Amino acid sequence: MEWYLKVLKNFANFNGRARRKEYWMYTFINIVILIALMIICFIAIGIEENVGKFFLILPFLYTLVVFIPTVAVVVRRLHDINQSGLWYLIAFIPLGNFILLVFMMMNGTPGPNQYGPNPKEITGF
């Protein structure tokens, strides 16, 4: 949970680098929260359809709230592998998400790079 909160605290910081662990833990917790919100929606729809439709807005609102922190952590993750944050735009072309997924799995550049020091060496995590 500390990695998730770390990303939210850095929600608009597009500078620096983010470790794989920071990115993947944030992504994992995001998925768990979205699944929980969807379960709440389905339960609410099962109890009372009109009330359930109101709850359908919860996953959308959550996604809207975490949009900027998500983009920021992806950009910092790209910086960790010594790539420009503009590579994030590849997600908007067909099959671009697969290339971005490969980037997210790559090990960071050892030592400092043009985007800052290695986060593995400076964090206490």
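Counting starts from 1 at the beginning of each chain's written sequence and moves along it residue by residue. Under the rules for a predicted model, residues below a pLDDT of 70 receive no local features and side-chain atom pairs below 80 are neither given nor counted, while totals for whole chains, interfaces and linings still include all residues. To obtain the side-chain values, all non-hydrogen atoms of the structure were included, while hydrogens and water were left out.

### Some remarks on the confidence of the model for the protein chain
Phase 1: Summary statistics for the protein chain give a mean pLDDT of 89 and a share of 98% for residues scoring 70 or more.
Phase 2: Each residue carries a pLDDT value, the predictor's own confidence for that position, ranging from 0 to 100. Helix numbers and strand numbers start at the N terminus; a helix is a DSSP run of H or I with at least 4 residues, a strand a run of E with at least 2. Predicted confidence in the protein chain is weakest over helix 3 (residues 49–55), with a mean pLDDT of 76, and strongest over helix 5 (residues 67–80), with 95.

### A few points about the nonpolar core
Phase 1: Buried Ala, Val, Leu, Ile, Met, Phe, Trp, Tyr and Cys residues form a nonpolar core when they are joined through side-chain atoms within 4.5 Å. Relative accessibility decides the category of a residue: with a 1.4 Å probe and only protein chains considered, values under 20% of the type maximum give buried, values over 50% give exposed, and everything between is partly exposed. By size, the foremost hydrophobic cluster in this structure holds 21 residues, and its most contacted members are L78, L100 and M104.
Phase 2: For this core, the secondary-structure elements that each account for two or more residues are helix 1 (2–9), helix 2 (20–47), helix 5 and helix 6 (96–105).
Phase 3: Element by element, the count of residues in this core is highest for helix 5, at five residues.
Phase 4: Residues contacting L100, with those up to four places away along its chain left out, are L78, W87, Y88, I90 and A91. Any two residues whose heavy atoms approach within 4.5 Å are treated as being in contact.

### A word on the packing of helix 2 against helix 4 (residues 57–65)
Phase 1: In this analysis, axes come from line fits to C-alpha atoms, helices being fitted only over the stretch in contact, and the angle between any two N-to-C directions falls in the range 0 to 180 degrees. With their axes 8 Å apart at the nearest point, helix 2 and helix 4 run at an angle of 160 degrees to one another. Compared by their axis directions, helix 2 and helix 4 come out roughly antiparallel. As helix 2 packs across helix 4, the resulting crossing turns out to be right-handed. Of helix 4, the residues touching helix 2 (which contributes N30, I33, L34, L37, M38 and C41) are L58, P59, Y62 and T63.
Phase 2: Classes in brief: Ala, Val, Leu, Ile, Met, Phe, Trp, Tyr, Cys and Pro nonpolar; Asp, Glu, Lys and Arg charged; the others, Gly included, polar. Taken together, the residues that form the contact of helix 2 with helix 4 break down as eight nonpolar, two polar and no charged. The scheme is simple: roughly parallel for angles under 35 degrees, roughly antiparallel for over 145, roughly perpendicular for 65 to 115, oblique for anything else. Less than a right angle of anticlockwise turn of the near helix away from the far helix marks a crossing as left-handed, whereas a clockwise turn marks it as right-handed.

### Observations regarding helix 2
Phase 1: In this analysis, the expected span of each helix is defined as 1.5 Å times one less than the number of residues it contains. An ideal rise of 1.5 Å per residue puts 40 Å on 28 residues; helix 2 measures up with 41 Å between its terminal C-alpha atoms.
Phase 2: Residues of helix 2 that are buried: E22, Y23, Y26, T27, I29, N30, L37, C41 and A44.
Phase 3: Contact partners of the buried residues in helix 2: helix 1, helix 3, helix 4, helix 5 and helix 6.

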